[in-house]
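Working through the structure, step by step
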Number of protein chains: 2
Amino acid sequence: VIHTLAILVAAGRGERMGSARPKAFLALAGEPLLLRAARAFAASGTDAVVAVVPSAEVDASRRLLAPLDARCQVVAGGERRQDSVREGLRQAPAGFDGVVLVHDAARPLVEPALIDAVAAAAREHGAAIPVLALCDTIKRVEHGRVVETLDRASLFAAQTPQGFRYGLLMAAYERAYADGVTVTDEAMAVERLGASVAVVAGSPRNRKLTTPDDMTWAEAQLADSARVSA
Amino acid sequence: VIHTLAILVAAGRGERMGSARPKAFLALAGEPLLLRAARAFAASGTDAVVAVVPSAEVDASRRLLAPLDARCQVVAGGERRQDSVREGLRQAPAGFDGVVLVHDAARPLVEPALIDAVAAAAREHGAAIPVLALCDTIKRVEHGRVVETLDRASLFAAQTPQGFRYGLLMAAYERAYADGVTVTDEAMAVERLGASVAVVAGSPRNRKLTTPDDMTWAEAQLADSARVSA
């Protein structure tokens, strides 16, 4: 029986990375981001993983993830992020009423303990996301001018995995599609329903890799870990 | 004649760094952050630098910065960030009507070209700050629950140096002190006057070093630069 299902979103082109290959397939210290992220979920309490990838990468992804586990499937994604997530949600077994975790493959250093903390909070509260306090002062800018300094004490950066009771996320997605709305993350779809989204402490290591500079950072992190565990 | 005066703020304790020594005095690849930041300003079009440091670090800072230039002075800072900046502003020469740049010593990898871009924009517009687009989705959180997803298209992270015509920043500080307000950055004091603050493109390399993890990142950056220039 599947209690926790993870959807790994790896369908983005990752244009800011300056590479022809989609971001999730770039090698980080020799291994693609998607494989590293999938391995973190395999090491957590997650029961099954659905990787959503560009259609041209489906076969390569199946080969890449084959060594991991039979409970890891691969499907082709859609146009927007939310279209890809919806493809993943369709792979849930009939009658599924567990927790679904949606994660960016571009966050390959996520810790299994964080994954499990989000799953537990989602089970308890219905919806939960990891967040990090902001270090920088945040400005609202319009037409090249600062129009507002936000009160950063209450502002946090959302990470993934974002966890939800399956029925709640499905209802939120149905509503977003019915309303023709594009959401920037899954929690936003749930917030639109007026449902409560809990937060858990995110992790600096769980950074989203967006630029070549971020890849340099991640390689330094991995080298550091290797040194500590050696 | 001094046209551009920089104030390097190095008075913070940097508690998140987990070190007894104030953050600006920690070594990054063998050299304190303060020295690295001061060197970036020495390599820019800046005419004079005032480093504002904890009173216990004044003598050590003078020795540290002595090799740089006679135009670099050191003064003791105050309680809050803005108290330290005010100490720096008091060092401006009589009749100064140039541009003042306020910079965090905890951003030691700032590029001289960025410093000069901010100075030029401040000279033209009166006030200018470097900003970076946000990669993460930003949530407003209250009592452990998400209450809002912000529209990140108009949100930017403020960096330093922040540049101002001297008279404008002095007026903004006077007003902030008269009103008993604590500001999170200098631009916020100027925004409170209703004055316009322009933005220039910030730099990923100009990140504020806050945690040991950030130090690891910065060391990887320096190693990369060394490889490129070797």
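Further up the page is the structure itself.
These remarks concern the structure in this document. (Residues numbered from 1 in each chain as written. Chains lettered and ligands numbered in written order. Predicted model: local features only at pLDDT ≥ 70, side-chain atom pairs only at ≥ 80, totals over all residues. Heavy atoms only, no water.)

Here's the deal with the overall build of chain A
Put simply, the rule reads: Labels follow the DSSP assignment, with helices taken as runs of H or I lasting at least four residues and strands as runs of E lasting at least two, numbered in each case from the N terminus. C-alpha atoms define the radius of gyration in this analysis, and the globule rule sets the expected value at 2.2 Å times the number of residues to the power 0.38. Residue exposure (1.4 Å probe, protein chains only): buried if accessible area is under 20% of the type maximum, exposed if over 50%, otherwise partly exposed.
A count of helices and strands for chain A gives seven helices and twelve strands. The C-alpha radius of gyration computed for chain A amounts to 18 Å, which stays within 12% of the reference 17 Å derived for 230 residues, consistent with globular compactness. With respect to the principal axes defined by its C-alpha atoms, chain A has extents near 50 × 45 × 35 Å. Out of the 230 residues in chain A, the part that is buried amounts to 54%.

Digging into the pattern of salt bridges
We apply this condition: Here a salt bridge means any side-chain nitrogen of Lys or Arg lying within 4 Å of a carboxyl oxygen belonging to Asp or Glu.
By the definition in use, this model includes 28 salt bridges over all chains. Between B:D185 and A:K139 there is a salt bridge whose closest N-O contact spans 3.0 Å. Residue B:D185 is found in the loop between α5 (166-178) and α6 (186-192), and its partner A:K139 is found in strand β8 (residues 138-142); the two belong to separate chains. As a salt-bridge pair, A:R140 and A:E148 come within 3.2 Å of each other at their nearest N and O atoms. The partly exposed category is assigned to A:E148, whose relative accessible area is 35%. Ionic contacts of the salt-bridge type, sharing partners, join the residues A:R81, A:D104, A:R107, A:E186 and B:D136 into one network.

Quick word on the packing of aromatic side chains
Selection rule: Note on aromatic pairs: the rings of Phe, Tyr and Trp (six-membered ring only in Trp) are paired at centre separations within 6.5 Å, and the planes decide the class, stacked below 30 degrees, edge-to-face beyond 60, tilted for the rest. To sit over a ring, a charge needs its Lys NZ or Arg CZ within 6 Å of the ring centre and within 35 degrees of the ring normal.
Under the definition given, this model contains four aromatic pairs over all chains. The ring of A:W217 has A:R207 sitting right over it, with the charged end atom 4.0 Å from the ring centre. Above the face of the B:Y177 ring, B:R86 is positioned so that its terminal group lies 3.8 Å from the ring centre.

Things to note about the relation of the copies chain B and chain A
Put simply, the rule is: Superposition of the copies was done by least squares, using only C-alpha atoms of residues whose pLDDT is at least 70 in both. When checking whether two residues touch, look at their non-hydrogen atoms; a contact exists if any pair is within 4.5 Å.
Turning chain B through 180 degrees and shifting it by 0.0 Å along the axis lays it on chain A, with an RMSD of 0.0 Å. Both copies are brought into coincidence by an operation consistent with a two-fold rotation axis. The position closest to the rotation axis in chain B is occupied by the C-alpha of B:W217, lying 2.6 Å away. When the interface residues of chain B are mapped onto chain A, 100% of them again lie at the interface, so the same face is used by both copies.

With respect to the interface of chain B and chain A
It is common to give the size of an interface as the accessible area that goes away when the parts come together. The test is simple: Buried surface area refers to the total accessible area, computed with a probe of radius 1.4 Å, that the two partners give up upon joining, counted for both partners together. The definition of a polar contact used here is a pair of N or O atoms within 3.5 Å, where within protein one atom must be able to donate a hydrogen and the other to accept one, and adjacent residues in sequence count solely through side-chain atom pairs.
Between chain B and chain A, the contact holds 43 residues from the first and 43 residues from the second. Buried surface at the junction of chain B and chain A, both sides included, amounts to about 3800 Å², of which 50% is carbon and sulfur. There are six salt bridges connecting chain B and chain A. In this assembly, chain B and chain A are joined by 28 residue pairs in polar contact (both at pLDDT 80 or more). For the side of chain B that touches chain A, the secondary structure elements donating two or more residues are β8 (138-142), β9 (145-149), β10 (155-158), α6, β12 (198-201) and α7 (212-229) of chain B.

Remarks on the nonpolar core
Where we set the bar: Residues belong to a common nonpolar core when they are buried Ala, Val, Leu, Ile, Met, Phe, Trp, Tyr or Cys residues joined through side-chain atoms within 4.5 Å.
In this structure, B:L8, B:L34, B:F41, B:A51, B:V53, B:L65 and B:L101 are the most contacted members of the largest nonpolar core, which totals 32 residues. Those residues in contact with B:F41, other than ones at most four positions away along the chain, are B:A6, B:L8, B:T46, B:V49, B:L101, B:H103, B:V110, B:I115 and B:P161.

Some words on helix α4 (residues 112-125) of chain B
Residues and elements named next belong to chain B. Let me state the cut-off plainly: Helix span, as expected, comes to 1.5 Å for every residue beyond the first. By definition, the arc is the one covered by directions from the helix axis to the C-beta atoms.
The terminal C-alpha atoms of α4, which comprises 14 residues, lie 20 Å apart, in line with the 20 Å expected from a rise of 1.5 Å per residue. Among all positions in α4, only L114, I115, V118, A119, A121 and A122 are buried. Around the axis of α4, the buried residues are gathered within 165 degrees of arc, so they sit on the same side. The exposed residues of α4 that point more than 90 degrees off its buried face are A113 and E124. Positioned one or two residues after α4, G126 has a phi angle of 100 degrees, which is positive.

Some details on the state of the cysteines
Defined as follows: In this description, the term disulfide denotes a pair of cysteine sulfurs within 2.5 Å.
One pass over the structure, following the stated rule, counts zero disulfides over all chains. You can see A:C135 has no disulfide; the closest cysteine sulfur is in B:C135, sitting 14 Å from it.

A closer look at α5(B)
All names here are of chain B. Helix length check: α5, at 13 residues, gives a terminal C-alpha distance of 18 Å against a target of 18 Å (1.5 Å per residue), a fit within 8%. For α5, the set of buried residues is Y166, L169, A172, Y173 and A176. Each buried residue of α5 lies within a common arc of 130 degrees when the element is viewed along its axis, so the set occupies one face. For α5, exposure combined with an orientation more than 90 degrees from the buried face picks out E174 and A178. The secondary structure elements touched by the buried residues of α5 are α3 (81-89), β6 (99-104), β11 (162-165) and α6.

Let's talk about unusual backbone geometry
Residue and element names in this part refer to chain A. Residue P161 is reached from T160 by a cis peptide bond, and omega for that bond is 5 degrees. By the element assignment, P161 lies in the loop between β10 (155-158) and β11 (162-165). Backbone geometry at H143 places phi at a positive 50 degrees, although glycine is not the residue there. The class of H143 is exposed, set by a relative accessible area of 82%.

Quick notes on the environment of A:S55
Considering the arrangement of structural elements, one finds A:S55 in the loop between β4 (48-53) and α2 (58-65). With relative accessibility at 61%, the residue A:S55 sits in the exposed group.

A few points about the packing of helix α1 (residues 33-42) of chain A against α2(A)
Residue and element names in this part refer to chain A. Applicable threshold: Here the axes come from fitting lines to C-alpha atoms, over the contacting stretch only for helices, and the angles between their N-to-C directions go from 0 to 180 degrees. In this scheme, roughly parallel covers angles under 35 degrees and roughly antiparallel covers those over 145, while 65 to 115 is roughly perpendicular and the rest are oblique. Crossing handedness follows the turn of the near helix against the far one: under a right angle anticlockwise gives a left-handed crossing, and clockwise gives a right-handed one.
In contact at an axis separation of 10 Å, α1 and α2 are set at 45 degrees when each is read in the N-to-C sense. When the interaxial angle is binned, α1 and α2 end up oblique. Along this stretch, α1 crosses α2, giving a crossing that reads as right-handed. Contact with α1, carried on its side by L34, L35 and A38, involves S61, L64 and L65 of α2 and no other residues of that element.

Section: the packing of α3(B) against α5(B)
Residues and elements named next belong to chain B. Here is the rule: Under the grouping applied here, Gly and all other residues not named as nonpolar or charged are polar, the nonpolar ones being Ala, Val, Leu, Ile, Met, Phe, Trp, Tyr, Cys and Pro and the charged ones Asp, Glu, Lys and Arg.
Where α3 contacts α5, the axes come no closer than 12 Å and their chain directions differ by 140 degrees. By the angle between their axes, α3 is oblique relative to α5. Here α3 and α5 pass one another in a crossing that is left-handed. Across the interface between the two elements, Q82, D83, V85, R86 and L89 of α3 pack against Y166, L169, M170, Y173 and Y177 of α5. In terms of residue class, the contact of α3 with α5 is built from seven nonpolar, one polar and two charged.

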